[in-house]
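Descriptive analysis of the structure
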Amino acid sequence: MSSKSIVLNITDLERTYGEGGHFLTVLKGANLQICAGEMVALVAPSGTGKSTLLHSAGLLERPSGGDVHINSKPTREMKDSDRTALRRSSIGFVYQFHHLLPEFSAAENLMVPQMVAGVPKTVAKTRALELLTYMRLDHRADHRPSELSGGEQQRVAIARAVANAPSLLLADEPTGNLDPETSDHVFGMLYELVRKSGLSALIATHNHELAGKMDRAVTLDGGKISDLKL
Ligand code: ADP
Ligand code: MG
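Residues numbered from 1 in each chain as written. Chains lettered and ligands numbered in written order. Predicted model: local features only at pLDDT ≥ 70, side-chain atom pairs only at ≥ 80, totals over all residues. Heavy atoms only, no water.

**Brief notes about the environment of Arg144**
Looking at where Arg144 falls in the secondary structure, it is placed in the loop between α4 (121-134) and α5 (150-161). With 43 residues separating them along the chain, Arg144 and Leu101 place their C-alpha atoms 8.5 Å apart. (Helix = DSSP H or I, 4+ residues; strand = E, 2+ residues; numbered from the N terminus.)

**Observations regarding the side chain of Arg83**
As for its placement among the helices and strands, Arg83 is situated in helix α2 (residues 80-90). Notably, Arg83 is buried but unbridged: the nearest opposite-charge side chain belongs to Asp80, and the N-O separation is 4.7 Å. Setting aside anything within four residues of it in sequence, one finds Arg83 in contact with Leu59, Glu61, Arg62, Thr75, Arg76 and Met78. (Buried < 20%, exposed > 50% of the residue type's maximum accessible area, 1.4 Å probe, protein only. Lys, Arg positive; Asp, Glu negative; His and termini not counted. Salt bridge = Lys/Arg side-chain N within 4 Å of Asp/Glu carboxyl O. Contact = heavy atoms within 4.5 Å.)

**Topic: the pairing of strand β6 (residues 91-94)**
Along β6, one buried face is formed by Ile91 and Phe93 and the opposite face, lined by Gly92 and Val94, is buried too. Pairing between β6 and strand β7 (residues 168-172): four bridges, direction parallel. Counted as the bridge partner of Phe93 is Leu170 from β7. (Pairing = 2+ DSSP bridges.)

**Digging into the environment of Arg155**
Summarising the element assignment, Arg155 is placed in helix α5. Taking the relative accessible area as the measure of exposure, Arg155 reaches 10% and is therefore buried. Taking the C-alpha atoms as reference points, Arg155 and Met135, separated by 20 residues in sequence, lie 6.4 Å from one another. Contact partners of Arg155, with chain neighbours within four places excluded, come to Met135, Arg136, Leu137, His185, Val186 and Met189.

**Focus on the site of ligand 1**
In the neighbourhood of ligand 1, the contacting residues comprise Tyr17, Leu24, Val26, Pro45, Ser46, Gly47, Thr48, Gly49, Lys50, Ser51 and Thr52. Taking Gly47, its main chain carries an N or O atom lying 2.7 Å from an oxygen atom of ligand 1. Within the backbone of Thr48, one N or O atom sits 3.3 Å away from an oxygen atom of ligand 1. In the complex, the protein chains occlude 57% of the 570 Å² of accessible area that ligand 1 would expose alone. Where the shell around ligand 1 is concerned, the elements lending two or more residues are β2 (24-35) and α1 (50-57). With three residues, the top contributor of residues to the shell around ligand 1 is α1. In terms of residue class, the shell around ligand 1 is built from four nonpolar, six polar and one charged. (Near = heavy atom within 4 Å. Polar contact = N/O pair within 3.5 Å; in protein donor to acceptor, adjacent residues only side chain to side chain. Areas by Shrake-Rupley, 256 points an atom, 1.4 Å probe, with all protein chains shown as cover. Nonpolar A, V, L, I, M, F, W, Y, C, P; charged D, E, K, R; others polar.)

**What about the sheet that holds strand β4 (residues 65-70)?**
One open sheet accounts for four strands, arranged β2-β1-β4-β5; its pairing is antiparallel. Each having just a single partner strand, β2 and β5 (73-74) make up the two edges of the open sheet. Of the strand pairs in this sheet, β4 and β5 are connected by two bridges, and their pairing is antiparallel. The residue of β5 that forms the bridge with Ile70 is Lys73.

Put into structure tokens, the structure is as follows:
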């Protein structure tokens, strides 16, 4: 094991869905460690549990067994309010569909999570505009999501995910909904942002070429994680 600190440590993770008769165990003892600054691709067929794993890692849902350690903190037994606080301060999440707030502008979508975390409005606005400029979207700051293209929406969603300077970025097929050319462009910006900021990242993708640009790739099979040679 490297001497670098481990940002995400998933240990013996289990997740069973269903109550009352119908049970489906999706994760059956999954293990994964991601070090500071490491970028890992999660490549596996649909239905194998990628979203389940990412939602558990992102503290969006509680696993049935095992644990998720964020910066060495075990989280499964934490109370909801502590999990929420840790998620807000340490984790950024990008969905396949942008999940931006439709009634707010691009800039406001980046300001909201900062203000929820206690950042004053003027500071949040400055940071929002910096991030949008970095994503080459400063000219779209006042546009609502419906006035943006699919690629632009995802670039705003990526900027929003890092607005609170998390240590871990989780992305669930972030370019899966885009045409190949736009996908390459958006992924390129995501890649550059992760590398420049020294974030750790776990990114689910079906695109082997994109996966090949990351430090390593893992797959999910039978509810367990294993290394994947691309
Ligand atoms: P992937 O993201 O790799 O396509 P998912 O994690 O979305 O896989 O789903 C894994 C399996 O768990 C699928 O069979 C799916 O139908 C099932 N599943 C996902 N979410 C739920 C849920 N909330 N309730 C019941 N089954 C679910
Ligand atoms: Mg999925």
